[in-house]
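Descriptive analysis of the structure
For reference, the chains in residue letters:
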Amino acid sequence: MRRYIHLTREMDISIQNLTALAHDWTAVYDAVRWIQLIMAILSIAGSGSIIAYAAFQNLIKTTEIRPLFYLSITDLLLGVSWLIGAILYREPFHSQNIACYNLQSIGQVFYVSSFFYTINYTWVLYTGLKEKYSRKLSGYSALYSEQAYRINKIAAVLSSVVPVLLIAPVFYVGNSAECYWNFTQPYKCLLMHTGDLNPPTGYNESNTTSCHVLHYYSTGVFLLAFLFTLVGIVVRQDF
């Protein structure tokens, strides 16, 4: 009988521990924080080394290295945003929810810009190889090279301008409607964590609708940019 009671108590304790573990995500967020910190340091080191090498070797003006240089700058800034988010984790301060919301938005700008610069870099490599191959086969005038150079230059500018224009509503509408109520917890500064969309009691209903629309808009922009990049890299035979 005593053994049965002892086993029952152990089972109750195990169930309570599992229940507490299911609701306590502190250990998970701690692990994510360290993963994000390591990723940020590696990203900053890798992109920074490419930027430094290209600058010291005076390779920035070359057609193949220029888009890689821009991509490295974007990755460097994205790594800095990751690093700031990891540092702010569990470090409460005044207006932390506003800082985390805008940090996530800035990070999304760098995400989308990185996607666009990636496809721009692969496109430059593709057009360069195609140009060399066509020149060896039949030869052609320099008009194609000039057109490709102009297109690549315009694409490089758009890769930085378009993400800012796409995420600008997230900054303006989000801060105007106070959508940062969803970032009251310190772990909201980690990567692209958004959590639930349940507004606090007494929150303006119209602002709640705007925040919901803004949330789905920003998520859609991120997914569409990723799919556009993936399709642009994979599909080459039609060009």
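Quantities reported herein were computed from a predicted structural model and do not represent experimental measurements.

**Some points on the overall build of the protein**
A count of helices and strands for the protein gives six helices and zero strands. Counting all 239 residues of the protein, 32% fall into the buried class. Nonlocal contacts in the protein, meaning residues at least 24 apart in sequence, comprise 79% of its contacts between residues at least 6 apart. Put simply, the protein shows about 15100 Å² of open surface, and 67% of that area lies on carbon and sulfur atoms.

**Some remarks on the confidence of the model for the protein**
Mean pLDDT over the protein: 77, with 73% of residues reaching 70 or higher. Predicted confidence in the protein is weakest over helix α1 (residues 2-23), with a mean pLDDT of 44, and strongest over helix α3 (residues 65-88), with 91. This stretch, residues 2-22, has a pLDDT under 50; its non-local contacts, to residues over four places away or in other chains, come to zero contacts.

**Some thoughts on helix α2 (residues 26-56)**
For an α-helix the count is 3.6 residues per turn, leaving residues at separations of three or four pointing the same way. For α2, with 31 residues, the first-to-last C-alpha span of 44 Å sits near the 45 Å given by 1.5 Å per residue. Those residues of α2 that are buried lie in contact with α3. Looking one or two residues beyond α2, the residue adopting positive phi is N58, at roughly 55°.

**Some thoughts on the nonpolar core**
One finds Y101 and C179 to be the most contacted residues of the largest nonpolar core, which totals 20 residues. Contributions of two or more residues to this core are made by α3, α4 (96-137), α5 (143-176) and α6 (205-234). Ranked by residue count, the leading element in this core is α4, at seven residues.

**A short note on the side chain of S105**
With respect to the helices and strands, S105 occurs in helix α4. Look at S105 and you get buried, because its relative accessible area is 3%. Among all residues touching S105, those that are not within four sequence positions of it are I167, V170 and F171.

**Considerations on empty space enclosed by the protein**
With the rule as written, the count across this model stands at one cavity of 30 Å³ or more. Estimates place the volume of the largest cavity at around 80 Å³. Considering the residues around the largest cavity, the lining is formed by eleven residues, among which S81, W82, L103, Q104 and L191 are closest to the centre. Elements represented by at least two residues in the lining of the largest cavity include exactly α3 and α4.

**Description of the environment of A55**
Its place among the elements puts A55 in helix α2. With relative accessibility at 40%, the residue A55 sits in the partly exposed group. In this structure, the C-alpha to C-alpha distance between A55 and F69, residues 14 residues apart in sequence, is 8.9 Å.

**Some thoughts on the packing of aromatic side chains**
Across all of its chains, the model carries eight aromatic pairs by this definition. Between F115 and F222, the ring centres sit 5.6 Å apart and the planes meet at 55°, which makes this aromatic pair tilted. Here F115 is found in helix α4, whereas its partner F222 is found in helix α6, with 107 residues between them in sequence. Ring centres 6.1 Å apart and planes at 90° place the aromatic pair F116 and F228 in the edge-to-face group. Taken as a pair, F116 in helix α4 and F228 in helix α6 lie far apart in primary sequence, 112 residues in all. A relative accessible area of 13% means that F116 is categorised as buried.

**Things to note about unusual backbone geometry**
Unlike most non-glycine residues, N58 shows phi in positive territory, near 55°. Note on placement: N58 falls in the loop between α2 and α3.

**Description of the environment of I233**
Its place among the elements puts I233 in helix α6. In this structure the C-alpha to C-alpha distance between I233 and I119, which are 114 residues apart in sequence, comes to 6.1 Å. Look past the residues within four positions of I233 in its chain and what remains in contact with it is T118, I119 and T122.

**What to know about α3**
Across its 24 residues, α3 extends 34 Å between first and last C-alpha, which sits within 8% of the 34 Å expected from 1.5 Å per residue. Along α3, the positions that sit buried rather than exposed are P67, F69, L71, S72, T74, L78, G79, S81, W82, G85, A86 and L88.

**A short note on a nonpolar patch on the surface**
A cluster of nonpolar side chains, contributed by L224, F226, L227, L230, I233 and V234, occupies part of the molecular surface with about 560 Å² of accessible area. A relative accessible area of 35% means that I233 is categorised as partly exposed.

What counts, and where the lines are drawn
- Residues numbered from 1 in each chain as written.
- Predicted model: local features only at pLDDT ≥ 70, side-chain atom pairs only at ≥ 80, totals over all residues.
- Heavy atoms only, no water.
- Helix = DSSP H or I, 4+ residues; strand = E, 2+ residues; numbered from the N terminus.
- Buried < 20%, exposed > 50% of the residue type's maximum accessible area, 1.4 Å probe, protein only.
- Contact = heavy atoms within 4.5 Å.
- Areas by Shrake-Rupley, 256 points an atom, 1.4 Å probe, with all protein chains shown as cover.
- pLDDT = per-residue confidence, 0-100.
- Expected span 1.5 Å × (residues − 1).
- Core = buried A, V, L, I, M, F, W, Y, C linked by side-chain atoms within 4.5 Å.
- 1 Å grid on protein atoms, 1.4 Å probe; cavity = no way out; pocket = protein on both sides within 12 Å on 5 of 7 lines; lining within 4 Å.
- Points joined across faces, edges and corners; volume = space filled by probe spheres on them.
- Phe/Tyr/Trp six-rings, centres within 6.5 Å; stacked < 30°, edge-to-face > 60°.
- Patch = residues over 30% accessible without salt bridge, like charges linked within 9 Å, V, L, I, M, F, W, Y side chains within 5 Å.
- Salt bridge = Lys/Arg side-chain N within 4 Å of Asp/Glu carboxyl O.

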